[in-house]
Amino acid sequence: MSSLDPAIAARLKRNEAGLFAAVAQERATGDVLMMAWMDDEALARTLETRTATYFSRSRGQYWVKGETSGHTQHVHEVRLDCDGDTVLLVVDQVGAACHTGTHTCFDADVLLAAE
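Each residue is numbered by its place in its chain's sequence as written, counting from 1. With pLDDT at 70 or above as the cut-off, local features in this predicted model cover only qualifying residues; side-chain atom pairs require 80 or more to be listed or tallied, and sums for whole chains, interfaces and linings still use all residues. Each side-chain value is derived from all of the structure's non-hydrogen atoms; neither hydrogens nor water enter the calculation.

As a reminder, the rule being used: UniProt positions are given in the numbering used here, feature names are shortened, and annotations may be inferred rather than shown by experiment.
Looking at an unreviewed UniProt entry, the protein chain carries the name Phosphoribosyl-AMP cyclohydrolase, with the source organism given as Rhodococcus ruber BKS 20-38. According to the UniProt record, the Function (unreviewed entry) comment for the protein chain reads "Catalyzes the hydrolysis of the adenine ring of phosphoribosyl-AMP." Per its UniProt entry, the protein chain bears the Subunit (unreviewed entry) comment "Homodimer."

**Structural notes on the environment of phenylalanine 106**
Put simply, the rule is: In this description a helix means any DSSP run of H or I spanning at least four residues, a strand means any run of E spanning at least two, and both kinds are numbered starting from the N terminus. Relative accessibility under 20% of the residue-type maximum defines a buried residue, over 50% an exposed one, and the middle range a partly exposed one, all with a 1.4 Å probe and only protein chains included. Should any heavy atoms of two residues lie within 4.5 Å, those residues are counted as being in contact.
Here phenylalanine 106 shows up in the segment after strand 6 (86–93). With relative accessibility at 53%, the residue phenylalanine 106 sits in the exposed group. Dropping the residues within four chain positions of it, phenylalanine 106 is found in contact with Val32, Leu33, Met34 and Met35.

**Comments concerning the packing of aromatic side chains**
Stated formally: When two rings of Phe, Tyr or Trp (its six-membered ring) have centres within 6.5 Å they constitute a pair, described as stacked for plane angles under 30 degrees, edge-to-face for angles over 60, and tilted for the intermediate range. For a ring to carry a charge above it, either NZ of a lysine or CZ of an arginine must fall within 6 Å of the ring centroid while also lying within 35 degrees of the normal to the ring plane.
The full count for this structure, using the stated rule, is 2 aromatic pairs. The interplanar angle of 40 degrees and the centroid separation of 5.0 Å between the aromatic rings of tyrosine 54 and tryptophan 63 together place this pair among those described as tilted. Residue tyrosine 54 is classed as buried on the basis of its relative accessible area, which comes to 0%. Geometrically, the ring pair formed by phenylalanine 55 and tyrosine 62 is edge-to-face, given 5.3 Å between the ring centres and 75 degrees between the ring planes. For phenylalanine 55, a relative accessible area of 19% translates into the label buried. Over the face of the ring belonging to tyrosine 62 we find arginine 45, whose NZ or CZ atom lies 4.2 Å from the ring centre.

**Structural notes on the sheet that holds strand 5 (residues 73–80)**
Just so we agree on the cut-off: Pairing between two strands is assigned when DSSP locates at least 2 bridges connecting them. The convention used is that axes are lines fitted to C-alpha atoms, helices contributing only their stretch in contact, and that angles between N-to-C directions extend from 0 to 180 degrees.
If you walk across this open sheet you meet the 4 strands as 2-1-6-5, and the pairing is mixed. The outermost strands of the open sheet, each flanked by one partner alone, are strand 2 (32–38) and strand 5. On average, each strand axis in the sheet is inclined to that of its neighbour by 25 degrees, with strand direction left out of account. Bridge count between strand 5 and strand 6: 7 bridges; the pairing is antiparallel. Bridge pairing in strand 6 places valine 78 opposite leucine 89.

**What to know about the nonpolar core**
Going by this rule: As used here, the term nonpolar core means buried Ala, Val, Leu, Ile, Met, Phe, Trp, Tyr and Cys residues forming a set that is joined through side-chain atoms within 4.5 Å.
Within the largest apolar cluster, 20 residues are counted, with the highest numbers of intra-cluster contacts made by Met38, Tyr54, Val87 and Leu89. For this core, the secondary-structure elements that each account for two or more residues are strand 1 (20–26), strand 2, helix 2 (40–49) and strand 6. At 4 residues, strand 2 tops the list of elements feeding residues into this core. Not counting residues within four places of it along the chain, the set of residues in contact with methionine 38 comprises Gly18, Leu19, Phe20, Ala22, Leu43, Thr46, Thr53, Tyr54, Phe55, Val87 and Leu89.

**As for the pairing of strand 6**
Pairing of strand 1 with strand 6, which is carried by 6 bridges, proceeds in the parallel orientation. When the bridges of strand 6 are listed, valine 23 appears paired with leucine 88. The turn linking strand 5 back onto strand 6 is made up of 5 residues, and glycine 84 within it adopts a positive phi angle of 80 degrees.

**Overview of the UniProt feature "binding site: Zn(2+)" (unreviewed entry) in the protein chain**
Those residues carrying the UniProt feature "binding site: Zn(2+)" (unreviewed entry) are Cys82, Cys98 and Cys105 in this numbering. In summary, the annotated positions, distributed over 24 residues, remain apart in three dimensions as well, the widest C-alpha pair reaching 26.6 Å. Structurally, cysteine 82 is set in the loop between strand 5 and strand 6. Within the fold, cysteine 98 resides in the segment after strand 6. For cysteine 98, a relative accessible area of 8% gives the class buried. When residues no more than four places from it in sequence are discounted, the contact partners of cysteine 98 are His103, Thr104 and Cys105.

Next comes the structure, spelled out in C-alpha cells:
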C-alpha cells in the first residue's frame, strides 16, 4: 500500500501497469536528463527522501538513482503536468544521468535540429 498523500494520488493518471512517466531535469542547466517510470510508492519515497526513486519495469522493483553508481539525483522540486500523467523532477545531478555514462540520455540521436 502506498504512503502517497491521497490528494496527490487522486490527481495522477496511471497506465495499465499503475505507472506514470517521470522526467528528470537538471536544476543548474535546465538540461533534460532522463525519463523513467514511477508508481505511487516511488513518488511517495521521492517526496519523503528528496532522492529520486523510480520503478524498474524490467526488474519489477524500486531503484534509487545512484544507489549503486553514485550518480545521484537530489530532488528540489516535483511538478505534476496538466494531464496528471507525468511528473517533472528538478534535480541536482551528481555524475552521469544516463546508464551509458553520458550526462543526459538525450545526447545520442538528434532527429531534428534547429535551423
